[in-house]
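Examining the three-dimensional arrangement
Here is what each chain is made of, one letter per residue.
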Amino acid sequence: MLSGSFWRIIRVGLVGLVLVAAVAGLMLGDAWLWVAVEWSPPAYAEFYARGGFDTPTAVALLVAALVKAALLWLILRAPAPGPLDRRAKALRRLLYLAVAYTLVLWYPIALLPDAVDAASQLALWTAIDVLYLLVIRWRSRMLRAAAGAMFAVELVGMANELLDELDLPELGSGGIVDLGLMVGGVAATIITVVGQRRDGRWSRGTQAAGWLSVGVYALVVPLNVLFVRSPSGNLAMLVMMDAVGLISTVWIAATAREMPAEGEGQPADLPPARRRVIRVAVAAVAVLPIIALIHPEQAPHLTYTGWSMDCYDQPSFGDLKPAERDGTFLCRARSTEGGVPPMFPDSLSDQEILAYGRALCRTKDRDEQEAILARAGSARPAWGADPWELVYVCPEIVGATYPDLLRSTAEREAAYAAYIAEGNAKCRDPWPRTKGVVQATAKYFLFVDGDPGYLVHDPEDEAAAEVAEQAMDKVYDDSSRIGVADSAVLIGHVEDVTDLCLTVKAFRTPPPPRTAGWDQVNEVSIVSRSGRLAVPEMGEGGEVGAGAPMPNLAIAGKGRYRLRVYVRVDDGEEQHLVVVFPGASRKRLELKP
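Residues numbered from 1 in each chain as written. Predicted model: local features only at pLDDT ≥ 70, side-chain atom pairs only at ≥ 80, totals over all residues. Heavy atoms only, no water.

Here the focus is the state of the cysteines. Going through the model one piece at a time under the given rule, you end up with two disulfides. Between the sulfur atoms of Cys 361 and its disulfide partner Cys 394 the distance amounts to 1.7 Å. Its S-S torsion of approximately -75 degrees makes the covalent link between Cys 361 and Cys 394 left-handed. Of this pair, Cys 361 sits in helix 14 (residues 350-361) while Cys 394 is found in the loop between helix 16 (387-390) and helix 17 (395-401), placing the two residues 33 residues apart along the sequence. Judged by relative accessible area, which is 2%, Cys 394 ranks as buried. Linked covalently through their sulfurs, Cys 427 and Cys 501 form a disulfide whose S-S length is 2.1 Å. The disulfide joining Cys 427 to Cys 501 has a torsion of about -80 degrees about its S-S bond and is therefore left-handed. (Disulfide = S-S within 2.5 Å. Helix = DSSP H or I, 4+ residues; strand = E, 2+ residues; numbered from the N terminus. Buried < 20%, exposed > 50% of the residue type's maximum accessible area, 1.4 Å probe, protein only.)

Quick look at the packing of helix 4 (residues 55-75) against helix 11 (residues 247-257) now. For the pair helix 4 and helix 11, interaxial distance at closest approach is 9 Å and the crossing angle is 10 degrees. In this view, helix 4 runs roughly parallel relative to helix 11, as classed from their interaxial angle. Along this stretch, helix 4 crosses helix 11, giving a crossing that reads as left-handed. Seen from helix 4, the contacting residues are Leu 71, Leu 74 and Ile 75; seen from helix 11, they are Ile 247, Thr 249, Val 250 and Ala 253. A class-by-class count of the residues in the contact of helix 4 with helix 11 yields six nonpolar, one polar and no charged. (Axes fitted to C-alpha atoms, helices over the stretch in contact; angles between N-to-C directions. Parallel < 35°, antiparallel > 145°, perpendicular 65-115°, else oblique. Left-handed = near helix turned anticlockwise from the far one by under 90°. Contact = heavy atoms within 4.5 Å. Nonpolar A, V, L, I, M, F, W, Y, C, P; charged D, E, K, R; others polar.)

Formed by 45 residues in total, the largest nonpolar core has its most connected members in Leu 91, Leu 95, Trp 125 and Ile 128. Residue assignment for this core shows that the elements contributing at least two residues are helix 1 (4-28), helix 4, helix 5 (86-110), helix 6 (114-135), helix 7 (141-165), helix 8 (175-199), helix 9 (204-229) and helix 11. Of the residues forming this core, the biggest block, nine residues, is contributed by helix 6. In this view, Ile 128 contacts Leu 91, Leu 94, Leu 95 and Ala 98; residues no more than four positions away in its chain are not counted. Among the nonpolar cores identified, the runner-up in size contains 28 residues, and Ile 482, Ala 546, Tyr 561 and Val 580 belong to it. (Core = buried A, V, L, I, M, F, W, Y, C linked by side-chain atoms within 4.5 Å.)

Take the packing of aromatic side chains next. Tallied over the full model, the rule gives eight aromatic pairs. Between the aromatic rings of Phe 317 and Tyr 392, the centroid separation amounts to 6.2 Å while the plane-to-plane angle is 55 degrees, which identifies the pairing as tilted. Placement of the pair is Phe 317 in the loop between helix 12 (272-292) and helix 13 (325-334) and Tyr 392 in the loop between helix 16 and helix 17, with a sequence separation of 75 residues. In terms of burial, Phe 317 and Tyr 392 fall into one category: buried. Seen in terms of ring centroids, Trp 431 and Tyr 566 are 5.2 Å apart; in terms of plane orientation they differ by 70 degrees. Their pairing is edge-to-face. (Phe/Tyr/Trp six-rings, centres within 6.5 Å; stacked < 30°, edge-to-face > 60°.)

Okay, here's the thing in C-alpha cells:
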C-alpha cells in the first residue's frame, strides 16, 4: 500500500493543479477555463455558450473550481490501513474504479458507442451491489432483503437504459416507470447509508456524505428540469450542479477508504462542532429543493419550450382533447424547429403567450398581428401568425374561415383520399378499345409553382438521379416540351395547370399512330437497364405524382424502347397518353407537330 506521505503529495499536486489551471484558464480564454474547471473538452464549452461566457458564468466557474478542489481533496484521502478479507478487498477496488470513472474514465468511454458505456456501468454496479449485500453487516435479515430489493430496482433502471441504447424493447415506458426507477436508485443510496450506520465501521463523516449525496440529488433534479425547460437559462446553474454532484463521489471514495474491520485504522469520529455543521448542511440541502420550486407570482410559468420532449409530436386539432390544445399552441409558439426563431420568447409565461395568441385571433389584418408580436418581443413580428397555429387557441374563430383545420388526422386522410379518388374518376382512357399489355389511367398531380412535368424513367438505374436532372434541363429547350436523357424522359405540360389526366399503355408491337383529335404527337427513344420503366406515384402524404398505381411499362425486360406521347387540351383540361413498345431506333419523330 502507498504511504500516507505519498498520498499527501498526490492530493496537494492535483488540487493545486486544478486551482492553478482555473486561474490560467481565466487569463487564456473561455475554452481553457471550461477545460480547467469542468474537466471536459473545449468543444463542450462552445456547445453551451457559443457567444462566450457571461460574467455570472465566469464567476460560477471560478467558484466551482474551489468547490471541486475541496471535494477532490476529500476524495483523494489515503485508504485506511487494516486487514481486509477477499470480498472487502474486491469491493474497495470496484468503488475506487467507480470514482475513477466519474473523474477520468468517463471521457474515453464516451468516445465508444453509448451501449458500451451503459453495459459497463450495469456490470460495475451489479458487482458493487452484490458485494454491498455481502460485506456490509446489516444486522437484520429484513434490512438486507430490503437492500437487495432496492439494489434490484436500481439495476433494472440501468438495464432499461442499456436496452434503449441497443434499440431493444424496454422494460417499461412512460414517465411513471422512469420516475419509479429513479426513486429506486435514490432509495438504494439511502438504505446503503442506513446499513453503514448499523455496521459501525464507517464514520459519521462518511454517513453524512451519503446523506448529502441524497440531498444533492434531490436538489439537482428540480434545478435540472428548470434549466432544460428554459434553454436561455443560466449556464452558471449548470456549472454549480456539476460541482456539487461530486459529493456522491466523495461518499463512494470514503466508503472504500474506511473498509477495514475494527482495530487499527478505525476512523475517528467527528468532533461535535463538525457534526453540527454537517447537520446544518444536510438540512439545508434537504430544504433547498423545496425553496427552488417556489417562484414569485410574477415569474414566468413555462410548461413547454422549443426543447420539450412533449413538443416533438404535433397532432392535428381534431386529435386533441380540449385540455390539450393550449399546450400544443405553446409548443408551436416557442418552437425553434428548422432553426427559425420562435414566435414568442421564453421570457413570457404560458399565460402571457396564450393571451397574446387569443389577441392575434381577433386581429383584422396583418398589420395588427405585427404590432401585437412586436409588443410581445417576438423575433419575427413581420411573419405574423398563421391560421394553423392559432386554431388551437381560438377554433371558433379560425374554424369559421378554415373548417379543414378542425379535422382530425383520420378525417384529413379520408378527405385527402376522397379528393384523389375524385380526381382519378374525372380522367378517362382516350383509347378504350385498344388494350395494352399493361395500362393505367389516373390524375397526375403537379407542384402548384415551377413543376415542369412528369417522368417516365428507369427508377433502378444507377444514374437515375443524374439522367432525371439532365432530362429536366432539356425540357425547357424543346418546343414540344419533352426532355430526353438516356433512361429518363421528362414530359412537360403545355398549359399552366396543377394536374393533368394521364393514361399509360405498353404494347409488344407499335400501335397505329392515330393522331386525330390530339394537339401534338411525338415519339422518342428510352432505355431500361434494370427491366423497369415507371411513372412516379404519389407517395404517402405526398403532393406530387400519379393518384393511382402505375404499371411497369418495360414489358420486354431490359433494353431500348420507343415512347410515344400524345397531348391535347380540351376545355382547360390537359390530357396525356403515353404509349411504350420495344424499339431499337434512337430517332426522334414528330408525328403531329
